[in-house]
Amino acid sequence: MKPRHTRVGSGLTTVVGAIVVGLSASVASSSGQGLPAALVEGGWKEITFDGKMPNRYRACGDACIAVETQSSVSMIGRPVTVDLGRERWLNWEWRIEAWPVDTDLSRKGGDDRAIAVYVGFKYDPDSATLAETLLRPFVELSQGADAPGRGISYVWAGGETPESLMRNPYQEATSAIIVTRTADDPIGEWIMESRDVIADYARAFDAEPTGVTHVLISADSDDTGADNAASVRNITFDDG
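From a predicted model like this one, the values you see are computed outputs, not experimental measurements. (Residues numbered from 1 in each chain as written. Predicted model: local features only at pLDDT ≥ 70, side-chain atom pairs only at ≥ 80, totals over all residues. Heavy atoms only, no water.)

Undergrad: Any chance you could explain the sheet that holds strand β4 (residues 56–59) here in plain terms?
TA: Adjacent strands of a sheet pair through backbone hydrogen bonds, lying either parallel or antiparallel. If you walk across this open sheet you meet the five strands as β4-β5-β14-β7-β12, and the pairing is antiparallel. Edge strands, defined here as strands with exactly one partner in the open sheet, are β4 and β12 (191–196). Within the sheet, the average angular offset between the axes of one strand and its neighbour, ignoring direction, is 25 degrees. Sitting on the sheet, helix α4 (residues 197–205) is in contact with β7 (89–96), β12 and β14 (227–238), with an inclination near 65 degrees to β12. (Pairing = 2+ DSSP bridges. Helix = DSSP H or I, 4+ residues; strand = E, 2+ residues; numbered from the N terminus. Axes fitted to C-alpha atoms, helices over the stretch in contact; angles between N-to-C directions. Contact = heavy atoms within 4.5 Å.)

Below is the structure:
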């Protein structure tokens, strides 16, 4: 069945960077500055981190984004509207141009990855921990009611075990990592992914998500100083 593209809104809260990827205690900016016009017009905004060199992003065709990372880290994202009752499958294609560096995604300061696709999920008070509940009013006060509560990152990593799940070392309660591809997968070739985000969320948080708020793309090489280039295209949600 042909995927149905989601409806894209406008704006991106800085809390996405802090909650979903947790790369730094503070987010330096969340604007379209520095991104090519084609990406800004598509609703993408970049999140950069204090003291970190950002990646380079460009459009590489219809619904395609290329990322170059050179001792750098940043992410781009946009809000989406998804009816998980009908569109629980997240689909995308990606490729990398060099072998990913072998890093430990569970360790702070050593969690580089060649490319990652993130999903930010709607805050759910019914499944939130006490810490999440206490923090939420402050998050909404500064970032708005649509700020995501939890996130999952699908990562093309180096030496991790495929399909292994771990907590993001910077945001253990609210952010999970699923190793989707590794150095054993081919480089320079497009690979298509389809993920049941409801099932993945249940596996990560032992709960059912109430909605999706954002999708994001990132690469990370600031810890190892490695270089890589990757592309992601055709990010959609459908019913499988």
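Text resumes after the structure shown.
Undergrad: I would appreciate a short explanation of the state of the cysteines in the present structure.
TA: Following the criterion strictly, the structure yields one disulfide and no others. Across a sulfur-sulfur distance of 2.0 Å, C60 and C64 are joined as a disulfide pair. Its S-S torsion of approximately -80 degrees makes the covalent link between C60 and C64 left-handed. (Disulfide = S-S within 2.5 Å.)

Undergrad: I keep staring at unusual backbone geometry and nothing clicks. Help me out?
TA: In most cases, non-glycine residues show a negative phi, while peptide bonds are predominantly trans. The phi dihedral of A63 is positive, around 55 degrees, even though this residue is not glycine. Tracing the chain through its elements places A63 in the loop between β4 and β5 (64–70). Exposure remark for A63: the relative accessible area of 42% places this residue in the partly exposed category. Of note, D206 is a non-glycine position whose phi angle comes to about 55 degrees, a positive value. As for its placement among the helices and strands, D206 is situated in the loop between α4 and β13 (212–220). (Buried < 20%, exposed > 50% of the residue type's maximum accessible area, 1.4 Å probe, protein only.)

Undergrad: Teacher, can you tell me more about the side chain of R136 here?
TA: With respect to the helices and strands, R136 occurs in helix α3 (residues 130–143). Beyond its immediate sequence surroundings of up to four residues, R136 is in contact with Y123, G144, A145, A147, P148 and G149.

Undergrad: In this structure, what is going on with the confidence of the model for the protein chain? I would like to understand it.
TA: Low pLDDT means the predicted coordinates in that region are not meant to be read closely. On average, the protein chain scores 84 in pLDDT, and the residues at 70 or more come to 85%. This model gives residues 1–29 a pLDDT under 50, and the stretch forms 97 contacts once residues within four places in sequence are excluded. (pLDDT = per-residue confidence, 0-100.)

Undergrad: Looking at this structure, I do not really get the layout of surface pockets. What am I missing?
TA: The probe, sized like a water molecule, is rolled over the atoms to show the empty space still left. In this structure, the second largest pocket occupies an estimated 250 Å³ of space. Around the second largest pocket, the lining comprises 16 residues; the ones closest to its centre are W44, A63, C64, I65 and R78. Residue assignment for the lining of the second largest pocket shows that the elements contributing at least two residues are α2 (37–41), β5 and β14. Looking at the lining of the second largest pocket element by element, the count peaks at three residues for β14. In terms of residue class, the lining of the second largest pocket is made up of ten nonpolar, four polar and two charged. (1 Å grid on protein atoms, 1.4 Å probe; cavity = no way out; pocket = protein on both sides within 12 Å on 5 of 7 lines; lining within 4 Å. Points joined across faces, edges and corners; volume = space filled by probe spheres on them. Nonpolar A, V, L, I, M, F, W, Y, C, P; charged D, E, K, R; others polar.)

Undergrad: Would you take a moment to explain the pattern of salt bridges for this structure?
TA: Two side chains of opposite charge can pair, provided their charged atoms sit close to one another. Following the criterion strictly, the structure yields 14 salt bridges and no others. As a salt-bridge pair, D222 and K52 come within 2.7 Å of each other at their nearest N and O atoms. Of this pair, D222 sits in the loop between β13 and β14 while K52 sits in the loop between β3 (45–49) and β4, placing them 170 residues apart in sequence. Between R203 and E163 there is a salt bridge; the shortest N-O distance is 3.9 Å. Remark: E163 occurs in the loop between β9 (148–156) and β10 (165–167) and R203 occurs in helix α4; sequence separation between them is 40 residues. On the basis of relative accessibility, which here comes to 43%, the residue R203 falls in the partly exposed class. Put simply, E163, R195, D200 and R203 are held in one network by salt bridges that share partners. (Salt bridge = Lys/Arg side-chain N within 4 Å of Asp/Glu carboxyl O.)

Undergrad: How should I be thinking about the environment of M53 in this particular structure?
TA: Its location among the elements puts M53 in the loop between β3 and β4. Classification of M53 by relative accessible area gives exposed; the value is 52%. For the pair M53 and S71, spaced 18 residues apart in sequence, the C-alpha separation works out to 7.2 Å. When residues no more than four places from it in sequence are discounted, the contact partners of M53 are Q70, S71, S72 and V73.

Undergrad: How should I be thinking about α4 in this particular structure?
TA: Think of an α-helix as turning once every 3.6 residues; residues three or four places apart then point the same way. V197, I198, D200, Y201, A204 and F205 are the residues of α4 that are buried. Along the axis of α4, the buried residues cluster in a sector spanning 160 degrees; they form a single face. Sitting at the head of α4, D196 places a side-chain oxygen 3.2 Å from the backbone nitrogen of I198. Taken from the residues just after α4, D206 is the one with a positive phi, measuring 55 degrees. (Arc of directions from axis to C-beta. Polar contact = N/O pair within 3.5 Å; in protein donor to acceptor, adjacent residues only side chain to side chain.)

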